[in-house]
Amino acid sequence: MARRREFSRKVRGEIILRATNERGILVCEGCGLVIGRKPFEVDHTVPEELVTDKSKPLTADDGKLLGTDCCHKPKTKNDIRTIRKSDRVRDRDRGAFKPTKRPLPFGKKSPFKRKITGEVVPR
Ligand SMILES: [Zn+2]
């Protein structure tokens, strides 16, 4: 797996500044909830695992300040799902999975099908 780019100190600062409202209070960029002193994460808007071109350094546009509890945890869960899916699609494209030689009896890949009457016919 390719390396994961982290936000530089400078870019993190820019993002934190952007997420700070006019009264100097930190606000979640996902849902607008006041974070204040609660924990937050600078999230990769596009998960690093899904970025193919990592030649460019990350900028403030690539990240969002998310409250850990309100937005970051749920997003992480969903990101993981997306990443696993992209892994599976890529593996299939590469032919990593061979089609099974023993299809499920009367399954979609079986040469026979069973009609609703119980009659077995070639597919
Ligand atoms: Zn939020």
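Here the structure is a predicted model, which is why all the values come from computation and not from measurement.

## Description of the overall build of the protein
Part 1 of the reasoning: Within the protein, the regular secondary structure consists of two helices and four strands.
Part 2 of the reasoning: Computed over the C-alpha atoms, the radius of gyration of the protein is 23 Å, more than 25% above the 14 Å expected from 2.2 N^0.38 for a compact globule of 123 residues.
Part 3 of the reasoning: Along the three orthogonal principal directions, the C-alpha set of the protein runs to about 75 × 35 × 15 Å.
Part 4 of the reasoning: Counting across all 123 residues of the protein, residues that qualify as buried make up 24%.
Part 5 of the reasoning: A separation of at least 24 residues holds for 56% of the contacts in the protein among residues at least 6 apart in sequence.
Part 6 of the reasoning: In the form shown here, the protein has an accessible surface area of approximately 9700 Å², with 55% of it arising from carbon and sulfur atoms.
Part 7 of the reasoning: Averaging the positions of the 32 positive and the 17 negative side-chain charges in the protein gives two centres separated by 9 Å.

## Looking at the coordination of the zinc ion
Part 1 of the reasoning: For the zinc ion, the full set of protein donor atoms is Cys-28 (SG), Cys-31 (SG), Cys-70 (SG) and Cys-71 (SG), at a range of 2.2 to 2.3 Å.
Part 2 of the reasoning: Its four donor atoms give the zinc ion angles of 104 to 117 degrees at the centre, a pattern that matches the tetrahedral case.
Part 3 of the reasoning: By relative accessible area, which is 3% here, Cys-28 ends up buried.
Part 4 of the reasoning: The partly exposed category is assigned to Cys-70, whose relative accessible area is 30%.

## Let's talk about the layout of surface pockets
Part 1 of the reasoning: Taken as a whole, the largest pocket spans an internal volume of roughly 270 Å³.
Part 2 of the reasoning: Lining of the largest pocket is provided by 17 residues; of these, Arg-4, Asp-43, His-44, His-72 and Thr-76 occupy positions nearest its centre.
Part 3 of the reasoning: Of all elements in the fold, only strand E1 (40-44) and helix H2 (68-93) reach the threshold of two or more residues within the lining of the largest pocket.
Part 4 of the reasoning: The leading source of residues in the lining of the largest pocket is H2, at six residues.
Part 5 of the reasoning: Of the residues belonging to the lining of the largest pocket, the class tally is five nonpolar, three polar and nine charged.

## Remarks on the pattern of salt bridges
In a structure, side chains of opposite charge can pair up when their charged atoms sit close to one another.
Part 1 of the reasoning: In total, this model carries eleven salt bridges according to the counting rule given.
Part 2 of the reasoning: Between Arg-5 and Glu-48 there is a salt bridge, with the nearest N and O atoms lying 2.9 Å from each other. Residue Arg-5 is found in the segment before helix H1 (9-18), and its partner Glu-48 is found in the loop between E1 and strand E2 (63-67); the two are separated by 43 residues along the sequence.
Part 3 of the reasoning: You can call Arg-5 buried: its relative accessible area is 10%.
Part 4 of the reasoning: A salt bridge links Glu-14 to Lys-10; its shortest N-O distance comes to 3.3 Å. Of the two residues, Glu-14 and Lys-10 are both situated in helix H1; the distance of four residues between them amounts to about one turn of the helix.
Part 5 of the reasoning: A relative accessible area of 34% places Glu-14 in the partly exposed class.
Part 6 of the reasoning: Overall, the relative accessible area of 61% leaves Lys-10 in the exposed class.

## Remarks on the environment of Lys-56
Part 1 of the reasoning: Residue placement: Lys-56 occurs in the loop between E1 and E2.
Part 2 of the reasoning: Take Lys-56: its relative accessible area is 52%, and that puts it in the exposed class.
Part 3 of the reasoning: Put simply, Lys-56 and Asp-69 are 13 residues apart on the chain and 30 Å apart in space, counted from C-alpha to C-alpha.
Part 4 of the reasoning: Within polar-contact distance, the side chain of Lys-56 engages the side chain of Asp-53 at 3.4 Å.

The rules we used
- Residues numbered from 1 in each chain as written.
- Predicted model: local features only at pLDDT ≥ 70, side-chain atom pairs only at ≥ 80, totals over all residues.
- Heavy atoms only, no water.
- Helix = DSSP H or I, 4+ residues; strand = E, 2+ residues; numbered from the N terminus.
- Rg over C-alpha atoms; globule rule 2.2 N^0.38 Å.
- Buried < 20%, exposed > 50% of the residue type's maximum accessible area, 1.4 Å probe, protein only.
- Contact = heavy atoms within 4.5 Å.
- Areas by Shrake-Rupley, 256 points an atom, 1.4 Å probe, with all protein chains shown as cover.
- Lys, Arg positive; Asp, Glu negative; His and termini not counted.
- Charge placed at Lys NZ, Arg CZ, Asp CG, Glu CD.
- Donors = N, O, S within 2.8 Å, 3.2 Å for Na, K, Ca; no water.
- Tetrahedral: all angles 85-135°; square planar, octahedral: opposite > 155°, others 65-115°.
- 1 Å grid on protein atoms, 1.4 Å probe; cavity = no way out; pocket = protein on both sides within 12 Å on 5 of 7 lines; lining within 4 Å.
- Points joined across faces, edges and corners; volume = space filled by probe spheres on them.
- Nonpolar A, V, L, I, M, F, W, Y, C, P; charged D, E, K, R; others polar.
- Salt bridge = Lys/Arg side-chain N within 4 Å of Asp/Glu carboxyl O.
- Polar contact = N/O pair within 3.5 Å; in protein donor to acceptor, adjacent residues only side chain to side chain.

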